[in-house]
Amino acid sequence: MKQMRLGIIGCGGMEKSHEKGIEGLEDSVRITAVCDIVEERAGKAKELLKADMAVTDYKEMLPFVDAVLVVLPHHLHYPVGMTCLEAGKHVLMEKPLAITESECLDLVHLADEKKLVLMIGYVMRYNPLVLKAKELVESGAIGDPFQMSIWTEQFTRFPDDRLWGHKIATLGGGQFFSHGCHYVDLLLWFLGRPVRGFHIGTNRGTPWMEKEGSSNVVLEFENGITAYHFGTWGARGSRLRSSMHIHGTEGMIDIRVNEGKVLILKFGQPEQVVLDSLGQKNTHGQMAHFLECIRTGNRPLTDGIGSLQSLRVIWRLYEAEQKNVAADLRGLGLDEPWDVPGLSLLPE
Ligand SMILES: NC(=O)c1ccc[n+]([C@@H]2O[C@H](COP(=O)([O-])OP(=O)(O)OC[C@H]3O[C@@H](n4cnc5c(N)ncnc54)[C@H](O)[C@@H]3O)[C@@H](O)[C@H]2O)c1
């Protein structure tokens, strides 16, 4: 199998998770180059990953890579992604794809035109716990599902040299846009086409955030299933931490992400642990899928189009929140036509 030459752009916090994800894939990928504007960070990553080069300008690595992993502040996803695609490189882009509708469309269209893989790092979709839960729902293990709830309770305050994570212009929104995009994507994947929803956010408790640092979302889907997501970057304590519950007519699936467990709960029956996967890495499955898509030419499970649809859900929810109305989410399922004039009339 041809060993893919991969370049990593951005060697900050999340890049460390990707380093682990690459372990075990050495037959199919080699990190030839790493980049960070902070020379020391690039140097450390080069040493750790045994890369050939460390650079502070990502353009210098382009002749030496077949594909790039972009792990940068969100406002840089677009310019860096476009330059890499223009240069003929496959792109694994950390989420979110970009921070505006037109930026996302440009990236998706350019990747298509150049016949390159553009995959988004919605890492939860490659999480064995989530995959198991999806399999259980589809096999009817809890009967007909009618409610999915997701909690992510974290304390996230970026240090002084990473204040991009607090500002709308560089983050693209608030906690909901930045972190909640994972869960909107999951809800669409599990439940289908949303029809309406509400978002209420606050930065009370997280005054360092320019937009919301805590987020509450309620969604209704075409099939009558409802969903709820609460995410915060202001948790000073938590029991649920990262949890998902799916209720069905015959039981509940309990995904305890931090414990690495999936359980089925049914009244009058002992709890059934159906997966205990602590230690399995999501970035590993994600990278393996990216490499497989490059090799086969298949469209990634988390492609640019699906990613755009889930970001549109967030933009519509933000817009409706400002207007104090329910958001009309029709037309935004992962399987809905996506390149539709009119859907583009969203915040820039
Ligand atoms: N999937 C997840 O669970 C998850 C978790 C955290 C972060 N992320 C994503 O990863 C990305 C990066 O987040 P992070 O937490 O690692 O941020 P970070 O601030 O820790 O790291 C970003 C790095 O990019 C470097 N950088 C900035 N401008 C650059 C430029 N022009 N050229 C080269 N390097 C540059 C910075 O010096 C820094 O080291 C974001 O898209 C974020 O949403 C994903």
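Given the structure is predicted, the values throughout are model-derived calculations rather than measurements.

K.L.:
So what about the sheet that holds strand 5 (residues 90–94)? Which residues, and what values?
P.N.:
Spatially, six strands are ordered 3-2-1-4-5-6 in an open sheet, and the strand pairing comes out parallel. Across the chains shown, the open sheet's two edge strands, defined by having one partner strand only, are strand 3 (53–55) and strand 6 (118–121). Across the sheet, the mean angle separating the axes of adjacent strands is 25° when strand polarity is ignored. The pairing of strand 2 (residues 29–35) with strand 3 spans three bridges and is parallel.

K.L.:
For the nonpolar core, give the residues involved together with the corresponding values.
P.N.:
Most often, soluble globular proteins have nonpolar side chains that are buried together. In terms of nonpolar packing, the biggest core is built from 93 residues, with Ile8, Ile9, Val34, Leu187 and Ile314 touching the most fellow members. Residue contributions to this core peak at 10 residues, all from helix 7 (residues 175–191). Domain assignment of the residues forming this core places at least three in each of domain 1 (4–122 + 283–302) and domain 2 (145–248). The residues touching Leu187, leaving out its near neighbours within four places in the chain, are Met148, Leu219 and Ala227.

K.L.:
Go over the sheet that holds strand 10 (residues 226–232), please, and point to the residues and values.
P.N.:
Read from one edge of the open sheet, nine strands run 14-13-12-11-7-10-9-8-15, paired in mixed fashion. On the outer flanks of this sheet lie strand 14 (272–276) and strand 15 (327–328), each paired with one strand and no other. Where strand 8 (residues 194–202) and strand 15 come together, two bridges link them in antiparallel fashion. Bridging from a neighbouring strand, Arg196 pairs with Asp328 of strand 15. Its contacts with the sheet place helix 5 (residues 128–138) against strand 7 (145–153), strand 11 (242–248), strand 12 (251–256), strand 13 (261–265) and strand 14, and it is angled at close to 170° to strand 12. The strands touched by helix 9 (residues 304–323) within the sheet are strand 8, strand 9 (214–221) and strand 15, with strand 8 carrying the most contacts at an inclination of about 60°.

K.L.:
Can you explain the environment of Met287? Please cite residues and give values.
P.N.:
On the secondary structure map, Met287 appears in helix 8 (residues 282–296). Sequence separation between Met287 and His90 is 197 residues, and the spatial gap between their C-alpha atoms is 12 Å.

K.L.:
Account for unusual backbone geometry, naming residues and giving values.
P.N.:
Cis rather than trans, the peptide bond between Lys95 and Pro96 has omega equal to -15°. Mapped onto the fold, Pro96 is located in the loop between strand 5 and helix 4 (101–114). One non-glycine residue, Lys50, lies in positive phi territory at about 55°. With respect to the secondary-structure elements, Lys50 resides in the loop between helix 2 (39–49) and strand 3. Using a count of 9 C-beta atoms within 10 Å as the deciding quantity, one classes Lys50 as exposed. A positive phi angle, near 45°, is found at Arg241, a position not held by glycine. Residue position: Arg241 is located in the loop between strand 10 and strand 11.

K.L.:
Give a detailed account of the pairing of strand 8, specifying residues and quantitative values.
P.N.:
Here strand 8 pairs with strand 9 via eight bridges, running antiparallel. Bridge pairing in strand 9 links Thr202 to Ser214.

K.L.:
Which residues make up the site of the ligand, and what are the values?
P.N.:
Looking at the ligand, there are 24 residues lining it, with Gly10, Gly12, Gly13, Met14 and Glu94 nearest. Residue composition of the shell around the ligand, grouped by class: 12 nonpolar, six polar and six charged.

K.L.:
I'd like a rundown of helix 5, residues and numbers included.
P.N.:
Considered for burial, the residues of helix 5 that qualify are Leu129, Val130, Ala133 and Leu136. Axial view of helix 5: buried residues confined to an arc of 120°, hence all on one face.

K.L.:
Residues and numbers for the pairing of strand 2, please.
P.N.:
Here is the key point about a regular strand: its side chains alternate between the two faces of the sheet. Of all seven residues in strand 2, six are buried, a share of seventy percent or more. Pairing of strand 1 (residues 4–9) with strand 2, which is carried by six bridges, proceeds in the parallel orientation. Residue pairing for strand 2: Arg5 is matched across the bridge by Arg30. In this fold, strand 1 hands off to helix 1 (residues 13–22), which returns the chain to strand 2; that crossover is right-handed. The parallel pair strand 2 and strand 3 is bridged by helix 2, and the resulting crossover is right-handed.

What counts, and at which threshold
Residues numbered from 1 in each chain as written. Predicted model: local features only at pLDDT ≥ 70, side-chain atom pairs only at ≥ 80, totals over all residues. Pairing = 2+ DSSP bridges. Helix = DSSP H or I, 4+ residues; strand = E, 2+ residues; numbered from the N terminus. Axes fitted to C-alpha atoms, helices over the stretch in contact; angles between N-to-C directions. Core = buried A, V, L, I, M, F, W, Y, C linked by C-beta atoms within 7 Å. Buried ≥ 20, exposed ≤ 12 C-beta atoms within 10 Å, placed from the backbone. Domains from an automatic or database assignment. Contact = placed C-beta atoms within 7 Å. Near = placed C-beta within 6 Å. Nonpolar A, V, L, I, M, F, W, Y, C, P; charged D, E, K, R; others polar. Arc of directions from axis to C-beta. Right-handed = clockwise from strand over helix to strand, strands pointing away.

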